[in-house]
Amino acid sequence: MFSYIIRRLISAVILLLIVSAVTFGIFFLLPKLAGQSTDQLAQQYIGKAPTPADIAAVKKNLGLDKPVYEQYWDFLKGIFVGVDYKFGPEAAKCHVPCFGYSFKTHIEVWPEIQSRLPVTLSLAAGAAVLWVVSGVATGVLSALRPGSLFDRMAMGVALAGVSLPMFFTGALALALFTYQWPIFERSDYVPLMEDPFLWARTLVLPWVTLAFLYSALYARLTRAGMLETLSEDYIRTARAKGLRERKVVVRHGLRAALTPIITVFGMDLGLLLGGALITEQVFSLKGVGAFAVEAINANDLPNILGVTLLAAFFIVLCNLVVDVLYASVDPRVRLS
Amino acid sequence: MTDLDKSGAAPGEPTPAAARPPSAFLEVRDLKVHFPTDDGIVKSVDGLTFSLEKGKTLGIVGESGSGKSVTSLAVMGLHRASRQQRSKVSMSGEIWLDGKELVSADPDEVRRLRGREMAMIFQDPLSALHPYYTVGQQIVEAYRVHHDVDKKTARRRAIEMLDRVGIPQPDKRVDDHPHQFSGGMRQRAMIAMALVNNPELLIADEPTTALDVTVQAQILDLIRDLQKEFGSAVIIITHDLGVVAELADDLLVMYGGRCVERGPAERVFYAPQHPYTWGLLGSMPRIDRDQTDRLIPVKGSPPSLINVPSGCAFNPRCPYADVPKDNATRTVRPELRQVDGGHYSACHMSQEERERIWTEEIAPKL
Amino acid sequence: MTETDDSKKIPVEKSAGDAPQEAAEAAPPTAAPAAAGPEPLLRVRGLVRHFPITKGLLKRQVGAVQAVDGIDFDVRPGETLGVVGESGCGKSTMGRLITRLDEPTGGSIEFEGRDITHLSQGRLRPMRRDVQMIFQDPYGSLNPRHTIGGIVGTPFRLQGVEPEGGVKKEVQRLLELVGLSPEHYNRYPHEFSGGQRQRIGIARALALKPKLVVADEPVSALDVSIQAQVVNLMDDLQEELGLTYVIIAHDLSVIRHVSDRIAVMYLGKIVELADRKALYDSPMHPYTKALLSAVPVPDPKRRTQRDRILLKGDVPSPINPPSGCRFRTRCWKATEECTTTEPPLVALRTGHQVACHHPENAPNDQ
């Protein structure tokens, strides 16, 4: 088991390096393809009317004149040890992890993202708990009585949940519960530690709308998995022992049916942690997703690069956790 | 096997449940297991009667779709274990186990008998064992369903059972997962799990079909030894006449959801009284004879269980379908009639005719 | 296991269109050039197939499954060679090697005196029409989206051969030959029973009038009564078309019925190779003896009479086979010599080869 984790860890790190190199490469190439020279690139860091000397200094400071692999190396080094920039007389310290400076605001990328993270984390975690519990429970109950009224209704709702887009359900929820009946008033994000009640109250609507979408998927997934598992030979064996049906379903059926769901869950959560773009927009939450949207709109390459890498990091991390979880659930995985 | 058929209820007519408690340990009367589907009713078992005493072994022989496995699952109540299953099956007839009637009983009552009074082992031990739990955990679970003991005691019992069925180093192997066992060991573990509560009835559904010959021999030996030791009743379900000849005291031959012949194993092997049994014997290449002649197969394929031929299910494949019958036409279903002793056959041909055909036409060619 | 995985991917019927048509017409014995004794149709020497096991990111090889590890045998024209053994003995791999569906790691295979061991797929084409394979699984080996006519006619299309009277007529003739109706031409595989599908597989294999047919477990997925139909059909076809068979099976009764000579395999080696009668009447290798004694005999009286040799444990892993004689870990006659020296396969009697240091039923003059 231990060596298995080490193996997965090493491949995760390698994967991250590859992702960062490719992403960096793309973002290095993009301005060039758009016909931007390094001068113009450097110019974006300076205010209006830059002198050629200023441009040259920025270029040198940021290393924009170096070949791509050196720039990538500096970038990596920045993430792990930070960078000291010297702009003429004043020196700037870009702290670990340094993702560079924004073109527009000229502040460090990471602290900005960091300030947005709690919003996205709260949103994703709360919604995930909701959708896993409700989705799996609905799926199991449906699978136990396929074709029943409950099953048909649940699957009907699930179909709606899968097909209705977030900006529709989100807007509908807002219209109903914020404007029509102001149960959940619109307010800015409040940190959990500051006021847990207000924190939850702000997030209830986004949680529910987001969870509605996902739990629909999970209900269908769980139902299909359960139906398949319940026809397995070992379920028959469990019944032949004289176990109560509830134990058969939970201990023998659900445990096996959950493994593919864990995989999908890791993927979904990873994606969501990198920013729930639409949800954050609809509910005006200033999370990582909103940050990404702002950065894209402003064509702010360093910010886009930073948020992209963060998203990649979360996906790789979640997959790593899934792999380890999977191995602890299914003993056959550890050996291969 | 006891005489039941003379007094048995007419087929198709539902017998009032809990009519008369039988004398035999296990008694099945006019059992019907039907599965309604979109294409029609699948009559997997359609009027089956037999009985079995403790310490005896009954072999149920038939090809795929003959209803042999469905019968065993019906006795175990495994067609009606969950609500979903109950909605998909209709069962009638009686199953008496040690004085209790199971068809009309509350499913939860049958559940409490499962694993304790009756246990089952299956064809493919790899898929029949849960891949995520250790062998020990699965045996412990089986024991603790019916015994109020702590995990430690149950674990000791599991090790003891693994030892009994011949697993080397049982105190270590108890913590292995099924995939770490070989095929033969898995079936041994299944047997240990089935016998952990000393059941009085053991049902083995094709217990050696998935195993190699040399391992099959070990498992058959083990089943025989354990039966001697525990004195339980055993039903062995198989398509392999060699396996039943090895173990069974009595034999029941199934075809199209019905019993076509049953009786003491030696009678059925040496003086079979049904054309289908002849067909099985003639189809089978023999390991013990150097026979180079052609085999004598049964023509055609097994019947559909939805549209079972109205008369004798075997009629379309029977080489003797045109032999004049004493009492009936093709549309009447033949009842089991006594040949002698506990030997019954469901064939329209007269007994003299069947005996003549067997001794003159079939036996010399086998 | 890699033994069976991609058997379906490689079409058997890859053949060049320019090969002569008379193939199977030539009576097998006369096909051999004038030499001392009949020339074997297939000559296999030192055949080896190891499947590498790789580990880690760099895929370095850490071992090998020694599926087939040095086997020698001939197949004579017109005979049936039975190959028997338990799971993992390498018999299926051997079948895929001699039909060149798989590439040998070492050794040589000669077909009609021509070395085909390492021929490329293109160069193999002419040989493909002479050597055909029949598979175990009658469900998986037929493409469900093609009609029966399409499936059986594929070989003609693949090689662009236009049989006399056209493809359709020839396919219908083949269908009749294997006991199906020509009207089945436009039906799909799912409309047929297992036995009928196996007949379709046989018709496809015979389309190109092969000389050698390799059948891997041709009847093991079928019910007993259907099994006999297919065995008889293969018998008839051999006589009618002068076919040579290599039949691979685990069922010793089937092998005894169909074979002229039999090779017994254990862990990638042939341990005994003899005529049917000699092998079954006086087996010389302890493994053969144990194997034969383990088969349940369909004769209830014999169960008490025979002395069965119960082998201990399971077949060892082909990744780490025992040193010396591979059977020694389960053999009751094993000595020090068996651990250190591998016994060669030698003829102890005329036509009776055994690989054992302590053979049973050994001739007295040795």
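Residues numbered from 1 in each chain as written. Chains lettered and ligands numbered in written order. Predicted model: local features only at pLDDT ≥ 70, side-chain atom pairs only at ≥ 80, totals over all residues.

Novice: Which parts of the structure should I look at to understand the overall build of chain C?
Specialist: Secondary structure assignment for chain C yields 12 helices and 12 strands. Within chain C, the proportion of its 366 residues that are buried is 48%. Pairs at least 24 residues apart make up 67% of the contacts formed inside chain C by residues separated by at least 6 positions. (Helix = DSSP H or I, 4+ residues; strand = E, 2+ residues; numbered from the N terminus. Buried ≥ 20, exposed ≤ 12 C-beta atoms within 10 Å, placed from the backbone. Contact = placed C-beta atoms within 7 Å.)

Novice: Mind showing me how you'd approach the interface of chain A and chain B here?
Specialist: Tallying the contact residues gives 21 residues for chain A and 27 residues for chain B. For the side of chain A that touches chain B, the element with the most residues is helix H9 (residues 233-240) of chain A, which contributes 6 residues. Considering only residue class, the side of chain A that touches chain B consists of 8 nonpolar, 3 polar and 10 charged. (Nonpolar A, V, L, I, M, F, W, Y, C, P; charged D, E, K, R; others polar.)

Novice: Before we go on, may I ask you to explain the UniProt feature "transmembrane region" (unreviewed entry) in chain A in this structure?
Specialist: UniProt tags residues 12-30, 119-144, 156-177, 197-217, 256-278 and 304-326 of chain A as "transmembrane region" (unreviewed entry). Taken end to end, residues 197-217 of chain A comprises 100% helix and 0% strand; its first and last C-alpha atoms sit 29 Å apart. (UniProt positions renumbered as here; feature names shortened; annotations may be inferred.)

Novice: Please clarify how the pairing of strand E1 (residues 42-55) of chain C should be interpreted in this entry.
Specialist: Sheet faces and side chains relate simply in a regular strand, where the side chains alternate between the two faces. As paired strands, E1(C) and strand E4 (residues 106-111) of chain C are joined by 5 bridges and run antiparallel to one another. Within the sheet, the bridge partner assigned to C:Arg43 lies in E4(C) and is C:Glu110. (Pairing = 2+ DSSP bridges.)

Novice: Even after reading the chapter, I still don't get the domain arrangement of chain A, so can you show me in this structure?
Specialist: How big an interface is tends to be stated in terms of accessible area lost as the parts join. Residues and elements named next belong to chain A. Each assigned domain of chain A is listed here: domain 1 (2-94) and domain 2 (110-335). For domain 1 and domain 2, the distance between their C-alpha centres works out to 34 Å. Listed per partner, the contact involves 12 residues of domain 1 and 12 residues of domain 2. Looking at side-chain class alone, the side of domain 1 that touches domain 2 contains 9 nonpolar, 2 polar and 1 charged residues. (Domains from an automatic or database assignment.)

Novice: What should I look at first to understand the packing of helix H6 (residues 151-164) of chain B against helix H8 (residues 183-195) of chain B in this one?
Specialist: Axis angle and axis distance: for two packed helices, these are the angle between their axes and the distance between the axes, and together they describe the pair. All names here are of chain B. Axis separation between H6 and H8 bottoms out at 9 Å; the angle between their running directions is 130 degrees. Considering their axes alone, H6 and H8 lie oblique with respect to each other. Helix-helix and strand crossings are classified by hand; for H6 and H8 the assignment is right-handed. On the side of H6, the interface is formed by Met-161, Leu-162 and Arg-164, while H8 contributes Ala-189, Ala-192 and Leu-195. Taken together, the residues that form the contact of H6 with H8 break down as 5 nonpolar, no polar and 1 charged. (Axes fitted to C-alpha atoms, helices over the stretch in contact; angles between N-to-C directions. Parallel < 35°, antiparallel > 145°, perpendicular 65-115°, else oblique. Left-handed = near helix turned anticlockwise from the far one by under 90°.)

Novice: So what exactly am I meant to see when it comes to H6(B) here?
Specialist: The α-helix advances 3.6 residues per turn, and as a result positions three or four apart in sequence lie on the same side. All names here are of chain B. In a regular helix each residue adds 1.5 Å, so 14 residues correspond to 20 Å; H6 covers 20 Å between its end C-alpha atoms and thus fits that length. When H6 is considered as a whole, its buried residues turn out to be Ala-154, Arg-155, Arg-157, Ala-158, Ile-159, Met-161 and Leu-162. Its buried side turned inward, H6 meets helix H5 (135-146), helix H7 (170-173) and H8. Immediately beyond the C-terminal end of H6, within one or two residues, lies Gly-166, with a positive phi of roughly 85 degrees. (Expected span 1.5 Å × (residues − 1).)

Novice: It is not clear to me how the interface of chain B and chain C should be interpreted in this structure. Could you clarify?
Specialist: Contacts between the two partners involve 38 residues from chain B and, on the opposite side, 36 residues from chain C. Of all the secondary structure elements, the ones that give two or more residues to the side of chain B that touches chain C are helix H9 (213-230), helix H10 (241-247), helix H11 (265-270) and helix H12 (275-283) of chain B. The leading source of residues in the side of chain B that touches chain C is H9(B), at 8 residues. Within the side of chain B that touches chain C, the residues separate by chemical class into 16 nonpolar, 12 polar and 10 charged.

Novice: Just checking my understanding: could you explain the sheet that holds strand E1 (residues 26-37) of chain B for this structure?
Specialist: Two strands in a sheet stick together by hydrogen bonds in their backbones, pointing the same way (parallel) or opposite ways (antiparallel). Residues and elements named next belong to chain B. Strand order in the open sheet made by the 4 strands is E2-E1-E4-E5, with antiparallel pairing throughout. The two strands at the open ends of the sheet, each matched to only one other strand, are strand E2 (40-52) and strand E5 (100-101). Bridging between E1 and strand E4 (residues 90-97) involves 7 bridges; their strand directions are antiparallel. Bridge pairing in E4 links Lys-32 to Ser-92.

Novice: Explain the environment of A:Glu294 here, please?
Specialist: Its place among the elements puts A:Glu294 in helix H12 (residues 288-297). In sequence terms A:Glu294 and A:Ile304 are 10 residues apart; their C-alpha atoms lie 9.1 Å from each other.

Novice: Is there a simple way to explain the packing of helix H10 (residues 245-273) of chain A against helix H13 (residues 301-329) of chain A in this structure?
Specialist: Residue and element names in this part refer to chain A. Where H10 contacts H13, the two axes come as close as 8 Å, and the packing angle between them is 160 degrees. Classified by the angle between their axes, H10 and H13 sit roughly antiparallel to one another. Considering the relative orientation of H10 and H13, their crossing is right-handed. Of the residues in H13, those touching H10 at Thr-259, Ile-262, Thr-263, Gly-266, Met-267, Leu-269, Gly-270, Leu-271 and Leu-273 are Phe-314, Ile-315, Leu-317, Cys-318, Asn-319, Val-321, Val-322, Leu-325, Tyr-326 and Val-329. Partitioning the contact of H10 with H13 into residue classes produces 14 nonpolar, 5 polar and no charged.

Novice: Please clarify how the nonpolar core should be interpreted in this entry.
Specialist: Nonpolar side chains in soluble globular proteins tend to be buried together. Ranked by internal contacts, the top residues of the largest apolar core, which has 273 residues, are B:Ile139, B:Ala189, B:Ala192, B:Val244, B:Val253, C:Val246 and C:Val264. Sorting elements by how many residues they give to this core places helix H8 (residues 196-230) of chain A first, with 14 residues. Here B:Val244 is in contact with B:Gly59, B:Val61, B:Ile236, B:Thr238, B:Leu251 and B:Ala265, once residues within four sequence places are set aside. (Core = buried A, V, L, I, M, F, W, Y, C linked by C-beta atoms within 7 Å.)

Novice: Honestly, the sheet that holds strand E5 (residues 114-115) of chain C in this entry has me stumped. Any pointers?
Specialist: Residue and element names in this part refer to chain C. Strand order in the open sheet formed by 4 strands is E2-E1-E4-E5, with antiparallel pairing between adjacent strands. Taken across any chain shown, the strands that pair with only one partner, and hence form the sheet edges, are strand E2 (60-75) and E5. Bridging between E1 and E2 involves 12 bridges; their strand directions are antiparallel. In the strand pairing of E2, Val-48 is matched with Asp-69.

Novice: Could you clarify how one ought to interpret the domain arrangement of chain C in this entry?
Specialist: Residues and elements named next belong to chain C. Partitioning chain C into structural domains gives domain 1 (1-85 + 92-259) and domain 2 (267-366). At the junction of the two partners, domain 1 supplies 15 residues and domain 2 supplies 13 residues. Of all the elements in the fold, those that place two or more residues in the side of domain 1 that touches domain 2 are E2 and helix H8 (252-258). In terms of residue count, the dominant contributor to the side of domain 1 that touches domain 2 is E2 (10 residues).

Novice: Looking at this model, I keep getting lost on the arrangement of the chains. Mind explaining?
Specialist: By contact count, the dominant pairing among the 2 pairs of chains in contact is that of chains B and C. There is a clear gap between chain A and chain C: no contact, and 9 Å between their nearest C-alpha atoms.

Novice: Sorry, what's going on with the pairing of strand E6 (residues 118-121) of chain B here?
Specialist: Residue and element names in this part refer to chain B. Neither face of E6 is exposed, since Met-118 and Met-120 on one face and Ala-119 and Ile-121 on the opposite face are all buried. Here 4 bridges tie E6 to strand E7 (residues 201-205), and the two strands are oriented parallel to one another. Its bridge partner lying in E7, Ala-119 is registered against Leu-202.

Novice: Which parts of the structure should I look at to understand the environment of C:Ile226?
Specialist: As for its position among the elements, C:Ile226 is in helix H7 (residues 224-241). Spatially, the C-alpha atoms of C:Ile226 and C:Met94 are 27 Å apart, while their sequence positions differ by 132 residues.

Novice: Even after reading the chapter, I still don't get H9(A), so can you show me in this structure?
Specialist: Across the 8 residues that make up H9(A), a large majority, 7, are buried. Among all positions in H9(A), only A:Tyr234, A:Ile235, A:Arg236, A:Thr237, A:Ala238, A:Arg239 and A:Ala240 are buried. Among the structural elements, H8 and H10 of chain A together with helix H1 (68-76), E6 and helix H4 (125-128) of chain B are those in contact with the buried residues of H9(A).

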